[in-house]
Amino acid sequence: MDQFTLNLIFVGATFALYIGIAIWARAGTTAEFYAAGQGVNPVLNGMATGADWMSAASFISMAGIIAFGGYETSAYLMGWTGGYVLLALLLAPYLRKFGKFTVPEFIGDRFYSGGARLLAVICLIVISVTYVIGQMRGVGVTFGRFLEISTDQGLYIGAAIVFAYAVFGGMKGITYTQVAQYVVLIIAYTIPAIFISLQLTGVFLPQLGLIGTHTASGVEFLTKLDQVVTELGFKAYTGETANMLNMFLFTMSLMIGTAGLPHVIIRFFTVPKVSDARLSAGWALVFIALLYTVAPAVGSMARLNLTTTMWPNAVAGNALDGEAITRAEIDNNPDLSWIRTWEKTGLLVMEDKNGDGMIQYYNDKSDAMNAIAAERGWTGNEVTKIDNDIMVLANPEIAALPGWVIALVAAGALAAALSTAAGLLLAISSAISHDLIKGSINPAISEKGELLAARISMGFAIVVATYLGLNPPGFAAQVVALAFGLAAATIFPVLMMGIFSKRINKEGAIAGMLVGLIFTAVYIFTYKGWFFIPGTNMLPDTAANYVFGISPLSIGAVGAVLNFAAAFIVSGMTKEPPQHVQELVESIRIPRGAGAATGH
Amino acid sequence: MSDKSSSNAYWAANLRIIGISLAVWFFCSFGLGIILRPALEGIKVGGADLGFWFAQNGSIYVFLVLIFVYAWRMNKLDLEHGVEE
């Protein structure tokens, strides 16, 4: 059976499963639509949170970013997991005790202000829309590659599938679909990783392979990787970061951003009890860690595989003692068919610049390397483009695994992108129908009317997300990281202060959110362009131009500090919150008395 | 809620648990993985140096243990103060 048919079978079968679950778990009430009726088992909720959380960026891009960035990119690993500690300790149990459906609703009640609620809705929509763009690109790339259709057509199919199960199932449908999607994506990620770890290090567990020994050369795997890449003029894989402050702030931004992402927070509204909310954050991290502890092994092993493919002599000895791979070999060797397939997508580009019939891959920004290159008659790095995103998707082909594994990875990548997209779309639609329509425009709306409004806003959100997916503003993981900056600088601080301080009042919360939002957005737009429109940036997006070397991706942590500071100063100058709000804060601090949904 | 002093004691104990947990959280990730990494260069975990290992794998394991220990301690605390559900 050919690869295309296998892909169709795996992707088709998993999609049928998701739709089937959606029909079984139709939402009949708003409590089911927004919070799955608050009856989800904490282990299942952890699994659904894992799928909700692990996006196209986690599944497709992260290992590639780590592969080419090395140690410095550990910020993604620590940041995207450490946030769950903050969620478990600082937010989840208290928000579950509060017992309402949405994040803006908590902010509106705690700060007794429709304005604060509206501001939270705006922040939530900006964050979720920014984030959903990355998912839509992930859907397009994956479909385009594996179903041999255009990226645009792939996007339309993905949008139609999400529409089918999210609009009818709401949170209830999404939750149980995500459980299935988690199972698909974790199997798809782990199987190729195990095989590659066995091939390179002889160790079954990739987590141990990473710190194991490279079989072909007999030296430690990471030492071997460092040696190969530095020989070709690249930065050592385990080398120090150039800017420790930036790495610190980037990790912090990703952590508090994770804890402030509305689509993750609302998952903790679905469990029956406060103690389940704490436990559920732990289970979520168990399922997330299964992928996140494997990702650094996948990244480093894919990097070594790629480099030694280009320099066959590097497997057991020194790369430059032998010749580079020839163009003829790439075109004819059946084991290298993955290079040809990825060249077709334009994500991997090679060009024999000096016409010697070989493809020399090296770092042509290194002076030492250019001296060697000049001596040997090379005229620049001949692998002119390697997209980060191909590292995971090409992995099973690089390792020559059977066709069904490749099909499984395709299904896994789609599961990752679709599950996150659905979670985000639910967060957006509940903000529109529950916080905007029921909360301020038409409070008298009936339950049936609100459910209809929720479904219509979900449909509308899907149309907007699809449009943005067709015209993406940039690289998947980076756009996602920007959403984190905003979540870190707006939502997380205001929620935390709402729970841990009785003194922060309406004025303080609004001032804090505004300062965090404006500061972070302006800093990002200064380097990335206003609303990411190319050419409108005021300063070039390079480290030399950053304030203290802090990249736009890391600025959320600074925005959060400014948010806290502004909120405390303004609250100190204005009068303290009314008695009933102080009592509300007292009551959310204590688990007893958390009932069923009180969203009405 | 009826007994104000007990609820204050509950909250103070809760804050203490959170504080200790956050100190561990910070130390294993920002501490060992980033700030102290250059100082710990000679210590090895298999084929990786300690800081690199904590940054890429170790801190995640600590986070996991941390959340479950916290959930267990909090359940005990809820019972002690009679505020469980």
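Residues numbered from 1 in each chain as written. Chains lettered and ligands numbered in written order. Predicted model: local features only at pLDDT ≥ 70, side-chain atom pairs only at ≥ 80, totals over all residues. Heavy atoms only, no water.

By the naming in an unreviewed UniProt entry, chain B goes by Sodium symporter small subunit domain-containing protein and is assigned to Frigidibacter mobilis.

An unreviewed UniProt entry annotates chain A as Na /solute symporter originating from Frigidibacter mobilis. UniProt annotates chain A under Subcellular location (unreviewed entry) with the comment "Membrane". Among the UniProt annotations of chain A, the heading Sequence similarities (unreviewed entry) holds the following wording: "Belongs to the sodium:solute symporter (SSF) (TC 2.A.21) family." (UniProt positions renumbered as here; feature names shortened; annotations may be inferred.)

## Considerations on the nonpolar core
Residue and element names in this part refer to chain A. Formed by 239 residues in total, the largest nonpolar core has its most connected members in Trp53, Phe59, Leu91, Ile107, Tyr292 and Trp311. Residue-level mapping places this core at the junction of two domains, with at least three residues from each of domain 1 (3–287 + 400–474) and domain 2 (302–398). Dropping the residues within four chain positions of it, Phe59 is found in contact with Leu185, Ala188, Tyr189, Leu291, Val392, Val409, Gly412, Ala413 and Ala416. (Core = buried A, V, L, I, M, F, W, Y, C linked by side-chain atoms within 4.5 Å. Buried < 20%, exposed > 50% of the residue type's maximum accessible area, 1.4 Å probe, protein only. Domains from an automatic or database assignment. Contact = heavy atoms within 4.5 Å.)

## Some words on the interface of chain A and chain B
Listed by partner, the interface residues are 55 residues for chain A and 46 residues for chain B. Summing both partners gives a buried area of about 4,500 Å² for chain A against chain B, and 70% of it is carried by carbon and sulfur. Viewed at the interface, chain B and chain A are joined by four salt bridges. A salt bridge links Glu240 of chain A to Arg37 of chain B; the nearest nitrogen and oxygen atoms lie 3.4 Å apart. Remark: the boundary between chain A and chain B carries 15 residue pairs in polar contact (both at pLDDT 80 or more). Element by element, the count of residues in the side of chain A that touches chain B is highest for helix H5 (residues 74–98) of chain A, at 13 residues. When the residues that make up the side of chain A that touches chain B are grouped by side-chain class, the tally is 35 nonpolar, 12 polar and eight charged. (Buried area = accessible area lost by both parts, 1.4 Å probe. Salt bridge = Lys/Arg side-chain N within 4 Å of Asp/Glu carboxyl O. Polar contact = N/O pair within 3.5 Å; in protein donor to acceptor, adjacent residues only side chain to side chain. Helix = DSSP H or I, 4+ residues; strand = E, 2+ residues; numbered from the N terminus. Nonpolar A, V, L, I, M, F, W, Y, C, P; charged D, E, K, R; others polar.)

## With respect to the side chain of Gln56 of chain B
By the secondary structure assignment, Gln56 of chain B is in helix H2 (residues 50–80). On the basis of relative accessibility, which here comes to 0%, the residue Gln56 of chain B falls in the buried class. Ignoring any residue separated from it by four or fewer positions in sequence, one finds Gln56 of chain B in contact with Ile66, Gly70, Tyr71, Ser74, Leu77, Leu210, Tyr292 and Pro296 of chain A.

## Comments concerning the packing of aromatic side chains
Here the structure, examined in full by the defined rule, presents 34 aromatic pairs over all chains. Seen from their ring centres, Phe248 of chain A and Phe30 of chain B are 4.7 Å apart, and the 50 degrees between their planes marks the pair as tilted. Here Phe248 of chain A, found in helix H11 (residues 244–260), pairs with Phe30 of chain B, found in helix H1 (residues 4–35), and the two come from separate chains. For Phe30 of chain B, a relative accessible area of 0% corresponds to the buried category. A network of ring pairs unites the aromatic residues Trp53, Tyr76, Trp80, Tyr84, Tyr131, Phe250 and Phe484 of chain A as a single cluster. The ring of Phe234 of chain A carries the charged tip of Arg303 of chain A above its face, separated from the ring centre by 5.4 Å. (Phe/Tyr/Trp six-rings, centres within 6.5 Å; stacked < 30°, edge-to-face > 60°. Lys NZ or Arg CZ within 6 Å of the ring centre and 35° of its normal.)

## With respect to the packing of helix H7 (residues 114–146) of chain A against helix H22 (residues 506–528) of chain A
Residues and elements named next belong to chain A. One way to put it is that H7 packs onto H22 with a least axis distance of 10 Å and a crossing angle of 25 degrees. Put simply, H7 runs roughly parallel to H22. Considering the relative orientation of H7 and H22, their crossing is left-handed. Residues Gly115, Ala116, Leu119, Ala120 and Cys123 of H7 pack against Ile510, Met513, Leu514 and Leu517 of H22. Of the residues in the contact of H7 with H22, the class split is eight nonpolar, one polar and no charged. (Axes fitted to C-alpha atoms, helices over the stretch in contact; angles between N-to-C directions. Parallel < 35°, antiparallel > 145°, perpendicular 65-115°, else oblique. Left-handed = near helix turned anticlockwise from the far one by under 90°.)

## Quick notes on the environment of Asp352 of chain A
Residues and elements named next belong to chain A. Mapped onto the elements of the fold, Asp352 is located in the loop between strand E1 (348–350) and helix H17 (367–376). The partly exposed category is assigned to Asp352, whose relative accessible area is 25%. When the C-alpha positions of Asp352 and Glu382 are compared, they lie 5.8 Å apart, and in sequence the two are 30 residues distant. Sequence-distant contacts of Asp352, that is, excluding residues within four places in its chain, are made with Gly357, Met358, Ile359 and Glu382.

## As for the UniProt feature "domain: Sodium symporter small subunit" (unreviewed entry) in chain B
Feature annotation in UniProt assigns "domain: Sodium symporter small subunit" (unreviewed entry) to the following positions: residues 8–84 of chain B. In residues 8–84 of chain B, the share of helix is 77% and the share of strand is 5%. The end C-alpha atoms are 15 Å apart.

## Notes on helix H13 (residues 274–292) of chain A
The end-to-end C-alpha distance of H13 of chain A is 27 Å, a good match for the 27 Å that 19 residues give at a rise of 1.5 Å each. With 15 of 19 residues buried, H13 of chain A lies mostly within the body of the structure. (Expected span 1.5 Å × (residues − 1).)

## Some thoughts on the confidence of the model for chain B
Residues and elements named next belong to chain B. In the predicted model, chain B carries a mean pLDDT of 93, and 95% of its residues have values of at least 70. Between the elements of chain B, mean pLDDT differs from a low of 92, seen in strand E1 (residues 44–45), to a high of 96, seen in H2. Taken over the whole predicted complex, pTM reads 0.93, whereas the ipTM for its chain interfaces reads 0.96. (pLDDT = per-residue confidence, 0-100.)

## Topic: a nonpolar patch on the surface
On the surface, Leu514, Ile518, Val522, Trp530, Phe531, Ile533, Met538 and Leu539 of chain A cluster together into a nonpolar patch covering about 740 Å² of accessible area. Among the residues examined, Val522 of chain A registers a relative accessible area of 35% and is labelled partly exposed. (Patch = residues over 30% accessible without salt bridge, like charges linked within 9 Å, V, L, I, M, F, W, Y side chains within 5 Å. Areas by Shrake-Rupley, 256 points an atom, 1.4 Å probe, with all protein chains shown as cover.)

## Description of the environment of Pro262 of chain A
Residues and elements named next belong to chain A. With respect to the helices and strands, the residue Pro262 is situated in helix H12 (residues 262–265). Along the primary structure Pro262 and Ile149 are separated by 113 residues, whereas in three dimensions their C-alpha atoms are 33 Å apart. Residues contacting Pro262, with those up to four places away along its chain left out, are Val103, Leu124, Ile127 and Ser128.

## Description of the domain arrangement of chain A
Residues and elements named next belong to chain A. Under the domain assignment used here, chain A contains domain 1 (3–287 + 400–474) and domain 2 (302–398). The partner domain 2 presents 33 residues to the 36 residues of domain 1 that form the contact. Summed over both partners, the interface of domain 1 with domain 2 buries about 3,100 Å², with 66% contributed by carbon and sulfur atoms. Contact with domain 2 buries surface across domain 1, with Phe68, Arg145 and Leu232 losing the most and accounting together for 23% of the total.

## Some points on the UniProt feature "transmembrane region" (unreviewed entry) in chain B
Residue and element names in this part refer to chain B. Feature annotation in UniProt places "transmembrane region" (unreviewed entry) on residues 20–40 and 52–72, given in this structure's numbering. Between the C-alpha atoms that bound residues 20–40 there is a distance of 23 Å. The span itself is 76% helix and 0% strand. The span residues 52–72 shows a helical share of 100% and a strand share of 0%, and its end C-alpha atoms are spaced 30 Å apart.

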